[in-house]
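Working through the structure, step by step
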Amino acid sequence: MQKKVYVYCGLLIICILLAVQPAAAKIMYFDEEDNGRVVDARVNDLVIISLHENPTTGYRWDVQATDGLTLKSDEFKRPFSYPPREGAGGVRTWDYVISGAGTQEFSATYHPAWMPAEEDDQRYELVFNVLPARSFSTLVAGKSNTPTASQLLARYRANEHI
C-alpha cells in the first residue's frame, strides 16, 4: 500500500512539473498581408515586422508603438542586384521584443517624410493581446532552458540567409 502511495505521489509531481513548464519565447513574422490582425502573444515573444519601403522617393514608414513593445532593431535592405539599381525600393524590418502585458499596438503610416500624414495615406496596424510571462512556473520547475527573446533575435540575425 505504501509503495502505491509513493508511485501516485511521484506521478502527481511529474504531472505538475510538466504542466508548469515555462513556454519558450516565440518568433512571430508579419508583413503586408497581416495588416489589421489581432494576435495573441506572451511577454518576451519576438515580433519581426517587414514592410516594403522606398526611401529614395522620400516615402517612409512613420511608426508608432506602445511602450510594451521594445524596439531592438530597425533596418532597411535593398534587394541585391548588379549593377545596383538606382532608386530601387527595399524592405524595412523592425524587431520588437514584447515587454509588457495587456494590449500592445504597432501602427505605421507610409507618407513622404517631409509631409504630415494625411487621411488617405497607406496605414498598417497590428494589435497584440499579451499575456504575462510564466515566471511562477520557472520558479517551480527550476531554471528554464528555453531561449529568451534576445537569444532568439541573435539566432534570427545569424541565419538571415534563410
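Scroll up to find the structure this text is about.
The shown structure was predicted, so the numbers you read here are calculated from the model rather than taken from an experiment.

Observations concerning the pattern of salt bridges
- Counted by the stated rule, this structure contains three salt bridges.
- Between Arg 92 and Asp 74 there is a salt bridge, and its shortest N-O distance comes to 3.1 Å. Highlighted residues: Arg 92 in strand β6 (residues 90–98) and Asp 74 in strand β5 (residues 69–77), separated in sequence by 18 residues.
- By relative accessible area, which is 42% here, Asp 74 ends up partly exposed.
- In the salt-bridge network here, residues are joined through shared partners; they are Glu 53, Asp 74 and Arg 92.

Some thoughts on the packing of aromatic side chains
- Within this structure, the stated rule accounts for six aromatic pairs.
- Note on Phe 106 and Tyr 124: the rings are 6.2 Å apart at their centroids and 75 degrees apart in plane angle, and the pair reads as edge-to-face. Of this pair, Phe 106 sits in strand β7 (residues 102–112) while Tyr 124 sits in strand β8 (residues 122–131), placing them 18 residues apart in sequence. Judged on exposure class, the residue Phe 106 and its partner Tyr 124 are both buried.
- Through a chain of ring-to-ring contacts, three or more aromatic side chains come together here, namely Trp 94, Tyr 96, Phe 106 and Tyr 124.

The rules we used
- Residues numbered from 1 in each chain as written.
- Predicted model: local features only at pLDDT ≥ 70, side-chain atom pairs only at ≥ 80, totals over all residues.
- Heavy atoms only, no water.
- Salt bridge = Lys/Arg side-chain N within 4 Å of Asp/Glu carboxyl O.
- Helix = DSSP H or I, 4+ residues; strand = E, 2+ residues; numbered from the N terminus.
- Buried < 20%, exposed > 50% of the residue type's maximum accessible area, 1.4 Å probe, protein only.
- Phe/Tyr/Trp six-rings, centres within 6.5 Å; stacked < 30°, edge-to-face > 60°.

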